[in-house]
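The chain contents come next:
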Amino acid sequence: MKTENNHFAKAEMLIRKPVSEVFQAFIDPEITSKFWFTKGSGKLVQDTTTEWTWEMYNFSLTVTTHVLEENKKIEIEWGNGNETTIVEWIFSPLNDNETFVSITNSGLKGDSDKIIDQVRNSTEGFTLVLAGAKAYLEHNIQLNLVLDRFPKGLE
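Rules behind the numbers
- Residues numbered from 1 in each chain as written.
- Predicted model: local features only at pLDDT ≥ 70, side-chain atom pairs only at ≥ 80, totals over all residues.
- Heavy atoms only, no water.
- Helix = DSSP H or I, 4+ residues; strand = E, 2+ residues; numbered from the N terminus.
- Polar contact = N/O pair within 3.5 Å; in protein donor to acceptor, adjacent residues only side chain to side chain.
- Contact = heavy atoms within 4.5 Å.
- Pairing = 2+ DSSP bridges.
- Salt bridge = Lys/Arg side-chain N within 4 Å of Asp/Glu carboxyl O.
- Buried < 20%, exposed > 50% of the residue type's maximum accessible area, 1.4 Å probe, protein only.
- pLDDT = per-residue confidence, 0-100.
- Axes fitted to C-alpha atoms, helices over the stretch in contact; angles between N-to-C directions.
- Parallel < 35°, antiparallel > 145°, perpendicular 65-115°, else oblique.
- Left-handed = near helix turned anticlockwise from the far one by under 90°.
- Nonpolar A, V, L, I, M, F, W, Y, C, P; charged D, E, K, R; others polar.
- Core = buried A, V, L, I, M, F, W, Y, C linked by side-chain atoms within 4.5 Å.
- Phe/Tyr/Trp six-rings, centres within 6.5 Å; stacked < 30°, edge-to-face > 60°.
- Expected span 1.5 Å × (residues − 1).

## Quick word on the side chain of threonine 53
Inspection of the secondary structure assignment puts threonine 53 in strand β3 (residues 49–54). A polar contact of 2.8 Å, which involves the side chain of threonine 53, links it to the side chain of serine 60. Once residues within four sequence positions are removed from consideration, threonine 53 is found in contact with Phe37, Thr38, Lys39, Phe59 and Ser60.

## Describing the sheet that holds strand β5 (residues 73–78)
With antiparallel pairing, seven strands are arranged side by side in an open sheet as β1-β7-β6-β5-β4-β3-β2. Only two strands of the sheet have a single partner each, and these edge strands are β1 (8–15) and β2 (39–40). Bridge count between β3 and strand β4 (residues 59–69): six bridges; the pairing is antiparallel. What sits directly across from tryptophan 52, in β4, is leucine 61.

## Considerations on the pattern of salt bridges
One pass over the full model with this rule turns up eight salt bridges. A salt bridge links lysine 39 to glutamate 55, with the nearest nitrogen and oxygen atoms 3.7 Å apart. Of this pair, lysine 39 sits in strand β2 while glutamate 55 is found in the loop between β3 and β4, placing the two residues 16 residues apart along the sequence. Here glutamate 55 falls in the partly exposed class, since its relative accessible area comes to 47%. Its salt-bridge partner being aspartate 117, residue arginine 120 comes within 2.4 Å of it at the nearest N-O pair. Of this pair, arginine 120 and aspartate 117 both sit in helix α3 (residues 112–139), three residues apart, which is roughly one turn of that helix.

## So, the confidence of the model for the protein chain
Residues with a pLDDT of 70 or more make up 96% of the protein chain, whose mean pLDDT is 93. Taken element by element, the predicted model of the protein chain shows its lowest mean pLDDT in helix α4 (residues 145–149) (90) and its highest in helix α1 (residues 19–27) (98).

## Quick look at the environment of histidine 139
Position of histidine 139 relative to the elements: it lies in helix α3. Separated by 123 residues in the primary sequence, histidine 139 and arginine 16 place their C-alpha atoms 9.9 Å from one another.

## A closer look at the packing of α1 against α3
At a closest axis distance of 11 Å, the pairing of α1 and α3 adopts a crossing angle of 125 degrees. The angle between the axes of α1 and α3 places the two elements in the oblique class. Relative to α3, the crossing made by α1 is right-handed. Between α1 and α3, the residues in contact are Glu21, Val22, Ala25 and Phe26 and Val129, Leu130, Ala133 and Leu137, respectively. Its residues assigned to classes, the contact of α1 with α3 comprises seven nonpolar, no polar and one charged.

## Notes on the nonpolar core
Ranked by internal contacts, the top residues of the largest apolar core, which has 32 residues, are Phe26, Trp36, Trp52, Trp78 and Trp89. Apart from residues no more than four positions distant in its own chain, tryptophan 36 is found in contact with Trp52, Trp54, Met56, Trp78, Trp89, Phe126, Val129 and Val146.

## Thoughts on the packing of aromatic side chains
Counted under the stated rule, the structure contains 17 aromatic pairs. Relative to phenylalanine 126, the ring of tryptophan 89 has its centre 6.3 Å away and its plane inclined at 85 degrees; by these criteria the two rings are edge-to-face. Taken as a pair, tryptophan 89 in strand β6 (residues 85–95) and phenylalanine 126 in helix α3 lie far apart in primary sequence, 37 residues in all. With relative accessibility at 0%, the residue tryptophan 89 sits in the buried group.

## Here's the deal with α3
Each α-helix turn comprises 3.6 residues. Residues three or four places apart therefore point the same way. Along its 28 residues, α3 runs 40 Å from first to last C-alpha, staying within 8% of the 40 Å computed at 1.5 Å per residue. The N-terminus of α3 is capped by aspartate 111, whose side-chain oxygen sits 3.2 Å from the backbone nitrogen of aspartate 113. Once α3 finishes, asparagine 140 follows within two positions and takes phi at roughly 55 degrees, a positive value.

Okay, here's the thing in structure tokens:
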């Protein structure tokens with residue numbers, strides 16, 4: 001992954017599960033839907049597109065998987081029109097039961113205010129995703145962090 005200047009966001013977390021289990025959680029929508037989006041059109045497969053849906057926000061987007069190295073790396077492109085960015089997951093096993101996950105969102109575009117806004121939103125979003133994944137994978141608890149980030153009735 002190539003980053004330009006400081007036009008990227010990053011979130012990282014230790015998840016106390018084997019790398020194969022953590023990797024599967026991010027490519028299989030049956031698992032990912034427990035802590036991030038509500039529906040995925042299928043597992044991530046390199047050089048294909050997938051649809052991810054957040055039903056609570058009536059929002060979907062197309063994800064193109066560019067790199068899928070089992071238990072090591074995922075790289076996708078997502079967004080709408082010319083507003084796409086690259087998201088990269090790096091999975092680093094620390095031992096048989098601990099995996100350090102690093103997520104970087106790069107290719108952010110716009111003036112400095114827009115880039116700062118994107119970095120803030122992306123860092124917050126991926127931090128919630130990682131915390132939700134950790135709770136689900138380690139403790140089988142669905143925290144609903146993404147669902148509750150923008151509750152109905154809040155302006």
